[in-house]
Each structure stands twice: as C-alpha cells, then as structure tokens.
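Close look at the chain arrangement
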Amino acid sequence: MSIKAIRGMKDVMGTEVARWRLIEAVARKVFRAFGFSELRTPILEKTELFARSIGQATDIVEKEMYTFRDRSGDSLTLRPEATASVVRSYLEHKIHRRPGPHKFFTIGPMFRHERPQKGRLRQFHQLDAEVLGDPGPQVDAELMVMLTQLLQALELDNVELVINSLGCPVCRPDYRRALVGFFQDRTDQLCDDCRRRLEVNPLRVLDCKSEGCRAAAADAPATIDYLCADCADHYQEVKRLLELSSVAFREDPRLVRGLDYYVRTTFEAIAGDLGAQNAVAGGGRYDPLVAELGGEANGAIGFAAGIERLSLVMGAEPPTDRPELFVAALGDQARDWVFPLVAELRSAGLWVEMTSQDKSLKAQMRRANKLAADAVLILGRSELDAGRAIIKQMADGSQQEIELSQLGRAVRLLKRD
Ligand code: HAM
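These notes cover the structure that comes with them. Residue positions are counted from 1 within each chain, in the order its sequence is given. Local features in a predicted model are, by the rule used here, given only for residues with pLDDT of at least 70; side-chain atom pairs are given and counted only at 80 or more, and totals for whole chains, interfaces and linings are based on all residues. Calculated side-chain values reflect all of the structure's heavy atoms, with hydrogen atoms and water omitted.

Side note on the sheet that holds strand β13 (residues 352–354)
Pairing between strands is defined by DSSP: at least two bridges between the two strands are required. Under the scheme used here, helices are H or I runs from DSSP no shorter than 4 residues and strands are E runs no shorter than 2 residues, and both carry numbers assigned from the N terminus. In spatial order, the strands read β13-β12-β14-β15-β16; together these five strands make up an open sheet with mixed pairing. Edge strands, defined here as strands with exactly one partner in the open sheet, are β13 and β16 (399–403). Strand-to-strand twist in this sheet, taken as the mean axis angle between neighbours without regard to direction, amounts to 25 degrees. Sheet topology note: the strand β15 (residues 388–393)/β16 ladder contains five bridges and is antiparallel. When the sheet's bridge partners are listed, Lys392 is paired in β16 with Gln399. Those strands touched by helix α12 (residues 332–347) are β12 (325–329), β13 and β14 (375–379), and its axis lies near 155 degrees from that of β13. Strands in contact with helix α15 (residues 404–412) are β12, β14, β15 and β16; relative to β16, the strand with the most contacts, it is inclined by about 120 degrees. Fitted lines through C-alpha atoms serve as axes, helices being fitted only where they are in contact, and the angles separating the N-to-C directions of these axes extend from 0 to 180 degrees. For this analysis, residues touch if any pair of their heavy atoms sits within 4.5 Å.

Listed below in structure tokens is the structure:
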C-alpha cells in the first residue's frame, strides 16, 4: 500500500509555491516598513502554554490540538497558533524589560485537528504579527493599516475589515451577564454545544455556525453597549485613526473570536468569495495574556493571516521563472567542452539547463521549448571544428554565430535581472 500524506496536510508545489513566495515577500516588505523584526519559535511547545493562553473552553483547546507525550513523558503540543509562543519567547528572553514597544512577525506552519474543507486544513500556515508593550489605541489602528496595506499589495479586492470591541475585565462581566440572561430564554434554540458553552464561555455562542444558534443570536446584546468609559474611549480613538487613514471598515458588535485571550479591539478580514471559511486574517488586543504567562500587562495586540486562504483569493500573480539558456550539446566532445562553462554561468546566477543524455537536436529543442528557455546554445562536432557556436533566440528564432573564445562573455549578457 502506498503511503499518502496525512488528511488535511498538503504538499505545496508548482505555481502554488510561487504564490506563497510572493505572499511572503510582500508580507516581509510590509512588515519591515512598520518596523517588525522576524522571530522564529519552535513549532512544539509545552501543552500548558496553549491551554493557559487560548482558553480551556475554546474549540482549539477542547478538541483541535495535536497533543502527545514525548519519550520523557512530557505533554507537548504542535502549535495551533503563534501568539502564545511569541509571548512565551518575549518573557523568556526578558525582552519586556527593555524599552518597547516590541514588534515581531513570524511565518510558519500551525496545526489544528479541524474537519478539512476548502480553506481549512490541519496543517496551515500563518503570517503573524504581534506588538508587545504598547497599550494605546494608535497601535491598534497602525496594525489594521498594516493589514490593509498587505491585503492591497496582494490585490485582494473583495475583502472587508470588520471590527469590534470586546471590553475588558472591568466591563466584560456585565456584558457576560446580559448575554447569559438573553440566551437563557432561548436555550431551546441552541445546539448542545452552545447550551454547555452558555455556562462556561457564553461569548462563544455568538460565533456558532449552526442555524438555530445564529437565529437565536440575531438580537443578542452588543458588546459595545456595555463598554466601560476607558474601553469606549479606546475604541472611539481606534476608529477615528482608521478613518483618518482612509481605511474602510465595518463594525460588527457581535464579532467574537475563537480564542479567549482578547480584550478591547478585535478584528477580522473577511473575503467575499471564500465560502464558509471566509476569514483571511484575524486578531485583536490581548493585554491580560502577558500577565497570565508571568509578565507585566503593558499592552499586547496582533493578528495572523492564513497563507492558504490568501493564496485562494489574491489577485496578484506571481512572476513565472524560466531558464535564461538551454545548452544543446551534441556528442561527447561538445558536452565536455561546454560542461565547465555551464557551471561557470550557473555560478554567475544564470538558470542554465542541459540534458544529461545524448539526444538529437530536435529532441533537445523540444525540451528547450517546453522549459520556455530564452535562448539555446547549439554546439556539435562541426561547430567545435569551426570554433564557433550558435545561439538561437527562442522568441523570434534569430540565430547568431559566436566565437568559442567569446562565448562565455556573450551568454552572460542573457542574464535577466
Ligand atoms: P485565528 O483567527 O485562529 O487567530 O487564525 C488567523 C487566521 O489563520 C484565520 O483568519 C485564517 O486565515 C487562518 N486559519 C486559521 N485556522 C485555519 C485552518 N484550519 N486552515 C487554514 N487557515 C486557517 C489566531 O490564530 C490568532 N493567534 C491571531 C492573533 C495574533 N491574535 C493576536 N495576535
């Protein structure tokens, strides 16, 4: 029986790789302009890190983590997201003691045991950005400006930025009470999961996709009606700065997120043409998490965008690459003559192709065509004897004879930028 890849985990190849590379290159450029530096954390962490950060009563921690015991008996988890790891690293290396704010980005695979479907995988990849050590509203707006610029650079036109404020430990309890009271009169409409959630994590009911729960939640109390004065001011200022920067957004007072660490500003970028899994990015403020993991709560906010989903909807096309030169050598002597030249050209950065077997000129030209090489260098016995090789430009079929002594210099000119 042949061995296949694990369900929900896929090989990325061909043009898909080109799209990913473009996404990463664009992201790195945007992150740089906003002063973010790269951080690479391990993909395995102690299970406790995620259980404490993301929240015990979330889908991720309850049923989606890849958790196992290693040979020492320690419980480890393949990271389901990057935020917890970034905060762990920030505290472990005592970066919080240096003057901030500190801005990090990380790019890599995440793992969640979800039901695979379009845009939802078990190994997926995120571009993740986090700002630590800044509690003010300006950074919230800056982060959303950055996300908007990233989406624009990738030519994602049909994407909407949706924002909300979830309040803070001061005002959230009032909201929570109001929400529980509201749903308690409608428990018969809720799914089994949500009836249970109502006790442990009522905000999650707003995020349930089942018909009954959605209908029941339609008139649920809105978070923004319960914000304390500080949270309301913060939210106002974020919106003012977004407007000032001409960033389009829609407010959704029922936007809650699948992770429990959020307070105040939360946001998602929703793609119009992605079907059920339509969030290309999501994030928000998570000030209390730093304290929860043993640091001082002095402000934290971030977002992550899913590379697979960006790739599904982006308009920008990656450039296609092709060889600058195909070498059609005919016979052993010609092959030996040209072999070191090919190595030299490759070391100068040209993409040069050469067949390893002695094939007919016709077969070699076919291959050059297939690879879409810019030019073909033809060198056979008669060319060697005459001391000249032929260079054929594939675009217009024109041919040029070049002295062998001048060949290296001449073909180097084929190098594209
Ligand atoms: P999240 O909303 O769970 O947030 O994930 C962020 C993005 O990752 C989603 O919008 C989606 O594009 C992508 N994503 C999530 N799950 C999958 C999946 N199973 N398959 C494909 N793509 C997926 C977080 O992970 C937070 N850590 C974001 C954050 C950073 N908040 C603050 N800082």
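What about the site of the ligand?
Residues in close proximity to the ligand total 27 residues, the closest being Glu81, Thr83, Glu114, Glu130 and Tyr262. Polar contact is the term for a pair of N or O atoms within 3.5 Å; when the atoms are in protein, one must be able to donate a hydrogen and the other to accept it, and sequence-neighboring residues count only if both atoms are side-chain atoms. A distance of 3.4 Å is found between a nitrogen atom of the ligand and a backbone nitrogen or oxygen belonging to Gly302. Each residue gets one of three labels, nonpolar for Ala, Val, Leu, Ile, Met, Phe, Trp, Tyr, Cys and Pro, charged for Asp, Glu, Lys and Arg, and polar for the others, Gly among them. Its residues placed into classes, the shell around the ligand shows 11 nonpolar, eight polar and eight charged. Any residue with a heavy atom positioned within 4 Å of a molecule or strand is treated as near that molecule or strand.

As for the sheet that holds strand β1 (residues 37–38)
A sheet is described by the order of its strands in space; here eight strands give the open sequence β1-β5-β6-β11-β10-β9-β7-β8, paired in mixed fashion. Strands at the two margins of the open sheet, each flanked by one partner only, are β1 and β8 (250–251). Pairing geometry for strand β7 (residues 159–165) and strand β9 (residues 263–271), over seven bridges, is antiparallel. When the bridges of β9 are listed, Ile163 appears paired with Phe267.

Things to note about the nonpolar core
One finds Phe31, Phe36, Leu127, Met146, Phe267, Val280 and Leu310 to be the most contacted residues of the largest nonpolar core, which totals 51 residues. Per element, the largest residue contribution to this core is nine residues, and it comes from helix α5 (residues 137–153). Not counting residues up to four positions away in its chain, the partners in contact with Leu127 are Ile23, Ala27, Phe31, Thr106, Ile107, Leu150, Phe303, Ala304, Ala305, Ile307 and Leu310. To form a nonpolar core, buried Ala, Val, Leu, Ile, Met, Phe, Trp, Tyr and Cys residues must be joined to one another through side-chain atoms within 4.5 Å. Note on exposure labels: buried denotes an accessible area under 20% of the residue type's maximum, exposed denotes more than 50%, and partly exposed covers the range between, all computed with a 1.4 Å probe on protein chains only.

Observations regarding the side chain of Arg285
Inspection of the secondary structure puts Arg285 in strand β10 (residues 279–285). For Arg285, the side chain forms a polar contact with the main-chain oxygen of Asp134, separated by 3.0 Å.

Purely geometric numbers; function is a separate question.
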